Every structure is written in structure tokens, then in C-alpha cells.
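Spelled out, the chains give:
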Amino acid sequence: MPRTPREASEAVVQNFALHAFPARITKRALSWLATGWLGTASMHLFVILTVTGLVLMFLYVPSVDRAYDSVKDLQYVVAFGSWIRGTHRIAAHLMVVAVVLHLVRVFLTGAYKREGPPGSFRPMNWWLGLALLLLTFGLSFTGYLLPWDQLAYWAVTVGTQIAAAAPLIGEDLRGLLLGGTTVGQSALIRFYVLHCFVLPMATIFLVSWHFWRIRKDGGLAVADRVGDAVKARAKALPPKPGKTYTLMGSTEGGTVQVETPVALMEEESESSVPHVVRRGFVVFLVTFALCSLLGLLLHAPLEEAANPAVTPNPAKAPWYFLWLQELVSILTFRIGDTVIDGTLIGGILLPGLIVTVLAAWPFLDRSPAAAAGVWFHRTRRRQNVIFLVLLLAAVVLTIIGTFFRGPYWGWVWPWDPSSPVHTFF
Ligand code: HEM
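Quantities reported herein were computed from a predicted structural model and do not represent experimental measurements.

A. Representation of the overall build of the protein chain in the model. In terms of regular secondary structure, the protein chain is built from 16 helices and six strands. When the 425 residues of the protein chain are sorted by exposure, 41% land in the buried category. For the protein chain, long-range pairs separated by at least 24 residues make up 74% of all intrachain contacts whose partners lie at least 6 apart in sequence. Total accessible area on the protein chain stands at roughly 23300 Å², and carbon and sulfur atoms take up 71% of it.

B. The arrangement of the side chain of Ser367 in detail. On the secondary structure map, Ser367 appears in the loop between helix H15 (343–364) and helix H16 (381–403). Look at Ser367 and you get buried, because its relative accessible area is 7%. In this structure the side chain of Ser367 is engaged in a polar contact, spanning 2.7 Å, whose partner is the side chain of Asp365. When neighbours within four sequence positions are excluded, Ser367 is seen to be in contact with Lys113, Glu115, Thr379, Arg380 and Gln383.

C. Quick look at the site of the ligand. Not every one of the 24 residues close to the ligand is listed here, only the nearest: His102, Arg105, Gly129, His210 and Ala221. The contact in question runs from an oxygen atom of the ligand to an N or O atom on the backbone of Thr40, over 3.4 Å. At 2.8 Å from an oxygen atom of the ligand is found a main-chain nitrogen or oxygen belonging to Ala221. At the level of secondary structure, the elements contributing two or more residues to the shell around the ligand comprise helix H4 (38–57), helix H6 (81–108), helix H7 (123–145) and helix H10 (185–216). Its residues assigned to classes, the shell around the ligand comprises 14 nonpolar, eight polar and two charged.

D. Layout of the confidence of the model for the protein chain. Taken as a whole, the protein chain shows an average pLDDT of 87; of its residues, 88% reach a score of 70 or greater. Of all the helices and strands in the protein chain, strand S3 (residues 256–258) carries the lowest mean pLDDT, 44, while H4 carries the highest, 98. Of the regions scoring below 50 in pLDDT, residues 254–261 engages in 20 contacts with residues more than four places distant in sequence or in other chains.

E. A look at the environment of Ala164. Within the secondary structure layout, Ala164 lies in helix H8 (residues 150–164). Residues Ala164 and Gly347, 183 residues apart in the sequence, show an inter-C-alpha distance of 9.6 Å. Not counting residues within four places of it along the chain, the set of residues in contact with Ala164 comprises Gly170, Glu171 and Arg174.

F. Spotlight on the packing of aromatic side chains. For the structure on display, the rule yields 25 aromatic pairs. Relative to Trp413, the ring of Phe404 lies with its centre 5.9 Å away and its plane at 80°, an arrangement referred to as edge-to-face. With relative accessibility at 43%, the residue Trp413 sits in the partly exposed group. Each member of the aromatic cluster is reached from another via a ring pair, and the members are Phe137, Phe141, Phe191, Trp319, Tyr320 and Phe321. One Lys or Arg, Arg89, reaches over the ring of Tyr144 and ends 5.2 Å from the middle of that ring. Sitting over the face of the ring of Phe107, Arg380 holds its NZ or CZ atom 5.3 Å from the ring centroid.

G. Structural view of the nonpolar core. One finds Trp126, Leu145, Trp148 and Val183 to be the most contacted residues of the largest nonpolar core, which totals 62 residues. In contact with Val183, not counting residues within four places along its chain, are Leu145, Trp148, Tyr153, Val156, Thr157 and Leu178. Within the second largest apolar cluster, nine residues are counted, among which are Ile25, Ala34, Val222 and Val283.

H. Layout of the environment of Val55. Its place among the elements puts Val55 in helix H4. Given a relative accessible area of 36%, Val55 falls into the partly exposed group. In this structure, the C-alpha to C-alpha distance between Val55 and Arg85, residues 30 residues apart in sequence, is 9.2 Å.

I. Expanded view of a nonpolar patch on the surface. There is a patch of nonpolar side chains on the surface, built from Ile189, Val193, Phe197, Val198, Met201 and Ile204 and spanning about 510 Å² of accessible area. With respect to the secondary-structure elements, Ile204 resides in helix H10.

J. Summary view of the pattern of salt bridges. On inspection of all chains with the given rule, the structure shows six salt bridges. A salt bridge links Arg3 to Glu7; the nearest nitrogen and oxygen atoms lie 3.6 Å apart. Overall, Arg3 belongs to the exposed group, its relative accessible area being 69%. Residue Glu7 is classed as partly exposed on the basis of its relative accessible area, which comes to 30%. The salt bridge involving Arg174 is made with Glu171; its shortest N-O contact spans 3.2 Å. In this pair, Arg174 and Glu171 are both assigned in helix H9 (residues 170–178), three residues apart and thus about one turn of the helix distant.

So, how was this worked out
Residues numbered from 1 in each chain as written. Predicted model: local features only at pLDDT ≥ 70, side-chain atom pairs only at ≥ 80, totals over all residues. Heavy atoms only, no water. Helix = DSSP H or I, 4+ residues; strand = E, 2+ residues; numbered from the N terminus. Buried < 20%, exposed > 50% of the residue type's maximum accessible area, 1.4 Å probe, protein only. Contact = heavy atoms within 4.5 Å. Areas by Shrake-Rupley, 256 points an atom, 1.4 Å probe, with all protein chains shown as cover. Polar contact = N/O pair within 3.5 Å; in protein donor to acceptor, adjacent residues only side chain to side chain. Near = heavy atom within 4 Å. Nonpolar A, V, L, I, M, F, W, Y, C, P; charged D, E, K, R; others polar. pLDDT = per-residue confidence, 0-100. Phe/Tyr/Trp six-rings, centres within 6.5 Å; stacked < 30°, edge-to-face > 60°. Lys NZ or Arg CZ within 6 Å of the ring centre and 35° of its normal. Core = buried A, V, L, I, M, F, W, Y, C linked by side-chain atoms within 4.5 Å. Patch = residues over 30% accessible without salt bridge, like charges linked within 9 Å, V, L, I, M, F, W, Y side chains within 5 Å. Salt bridge = Lys/Arg side-chain N within 4 Å of Asp/Glu carboxyl O.

As C-alpha cells, this is what we get:
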């Protein structure tokens, strides 16, 4: 029974924490470098987005006549409105970055590999993660439209034009998303409901499943190696007196001596409360401080109200899709009088292929069990290099699309006075 308010609050925290985490966690899984705590940062960003988003919902009106003005009021009139909006927007961008970096960490450490303790199946968590990645893009993309300014309107117009290029279902998909062929009131309300309810609920469900799988898979992959090493050391150790059980003296004969890997694990591990809780809290504080500071210093953009009659040149997709828009432009070329349209290849087939290959990767990766949970294991060198080169190519294309593209998608230098100052924040 807790005797003081402090003990009572500790009991609540410990009870929750001990259901979410195992009682003990290996020192390696706890270290900052093993995982970068990027999954935890992604989760905290989602929490920050949910809380700030709820505040924004009190003032935002999802109607084409009022959406822009309600965001303008939030930005310039409502007390702390610009800060809340800025924090929400920067957290959305950072969540895309954190989730992608978390995927990169999981890939480079081979933490999706099938090998693990008996009963574990880590590819499942990799697939759940891929679904979460798509949900993160979906959340960000649907939120992009809501301010109903020129930036929002045309980014979504470009994005949904790319989706419409999908064979067979493309046009229907765009119709379903927009409630018509152009971005209008039906699109706004659909994006609003998806952004504020459907996608967050799906994310909460999948994140809970993702966390539960980590426990079901016997903890993080980085901990597998510790277990093996400890077991090997335990075998080599001479027996030494330890704790004994005699079933309270009810059985005859000698006692059972406990000097097992479990006992040795104590040396290699820490108790989850307070160690995991404390680190998780530090990650939260850093994430929150970063978002609110940047939200305060950088002002979330708000351009002119959306105007379907005035097409900005160039019209750009949100920054995380610009590598695809760049690819579409590279793959679109003219042979004589025939124009080869790169939208299908660059905008649909390639991203589809990337997601399919990533999903199949746990079965294509033939490296040994010892490579799971280890950074840059030598048996995975080639696949890691290829992965990093492709990632770098996507980053370079994103930078080009963001800063070096001007009217008619022509090349401009960012410092050129004629360069359209494209703000992606
Ligand atoms: C909303 C997005 C996501 C959240 C909140 C999340 C959260 C987490 C957390 C907290 C962990 C524990 C270790 C760590 O912090 O790194 C973890 C592990 C893991 N995540 Fe995620 N994750 C997300 C997206 C993803 C994505 C995009 C992938 C990959 C496609 C992925 C695959 C995995 C795997 C395989 C593990 C187990 C890693 C191991 O055993 O070392 N997750 N995730």
C-alpha cells in the first residue's frame, strides 16, 4: 500500500511501465547508440502532434470559405496561436525525418531479421513499421491541405495528379480522395477527417501493436547477442554458492542452487524502472524543446488564399515527395513529337517497387543470425552500402527539387534573385 502521494504516483508509473517494458532491460538495449532512441522520438513527436493538433481543432474550420481565415486568425490573432501552429508543423516535418531515420537504423542493424529467440518473428514488426511509415506520409500530406493557401492547394493538386497516374485504379483513387476531379470542398472535408481521426486512430492502433511485438520478439535485436554471450560465459564459470531454494523445507534432499544465465543477466541489465522511463523522458524533453523552440523561431508559412485560377510556377509537392517529382521530371522527355510521360514510372511504379522490395527484404537478406542487431555487420556490408547509396540519391534529389528548381522546373541557384523562395517548413 502506498503511504505517501509520492509512493502512490510511483506505483502508477511503475505499474504502467512494467506492463509496457520487461522488468529488466539489457544495458546494450538501453544505450543511446544501439538504437538512437529514434522510435521513441517518433512516438513522442506523434504525441506532440496529437496534443497541439487538438488545440488547433478548437479554432480551425474545415470549409473552403473559412479555413484560410481561421488559420490566419490562429497565426496572427489568437494568443500563442502562431507558436502552437509552428510547433505542430515542425513536429510533422520532424516526424517524417525521425521515422525515416528509425527505418534506416533498423535496416543498418539488420534488426528485422527472422532469427531471434524461439517464438519471435521480427519481420512482422518490420511490416508494421512500413505501414507506419506510409501512415506518417499520409498524416503529413492530408495536413498539408488544411491551411487552404496557395502552397497547400497546389502541393496537394500535384500530389494527387501523381496518384492518378496509377494504372487501372489511379483515377478512381484520386476521385475517392478528392471527392471529385479537382481539389475543392469535398477534398477539404475528406482530408480533414482523414487527418484528424482516421489516420491518427490507425497510427495509435499500429504503434500499440508495434510495441507489443517488440516484447513478443523477446526485446530488441541488439539484446539477442548479449543473451548468447552471457550463456556462453555462464557455462564456463565454476559453480559458486548462490541463492538456494528448498521449497520452504517441505522437500527432502539438497537445495537447488541458482547460478544461471538469469543471475548473470543481472550484471548485464538494468531494471526498466527507472532506467528506461528516465531515458524515455529525456528523449521527450529534447524532442519537445526542439519542436517548440523551432515553432517559436520559424513561422509556419501562410501564403495567399488558395486560388484555383492562379497556378504557381513551379507547383511543388510537399518536400518529402520532391525526390519523386524530380524523378518524374527526369523521366519525362521528348522523342521527336512524342512526349514520354515519367509520371507512371517515377511517381507510381518506382515507389511501389521500393515498398515491395523493402517488405520482402527480411527474406532476401541471407546474412547469418549473428548479424541481427549489429551495426554494419561485415556479412551485410554490400546490402548496407547499396541501401545508403540509394538513400543518398533520394536525399540529393530532394535537395535539388527543393532549392534548385524554378519556373517550368528549370534549374535555378537558390541565391539567384529570380529563384522562387520555396518554403517547405
Ligand atoms: C510511427 C512510427 C514508428 C514508431 C512510433 C516506432 C516506434 C518504435 C520503438 C519505440 C522501437 C524501440 C526501439 C527504438 O526506439 O528504436 C521500435 C522498434 C522497431 N521498429 Fe519502429 N516505430 C515506427 C516506425 C517504424 C518503421 C518505419 C520501421 C521499419 C520499416 C520500424 C521497424 C521497427 C523494428 C523492426 C523494430 C525492432 C527493432 C529491434 O529489434 O532492434 N518501425 N519502433
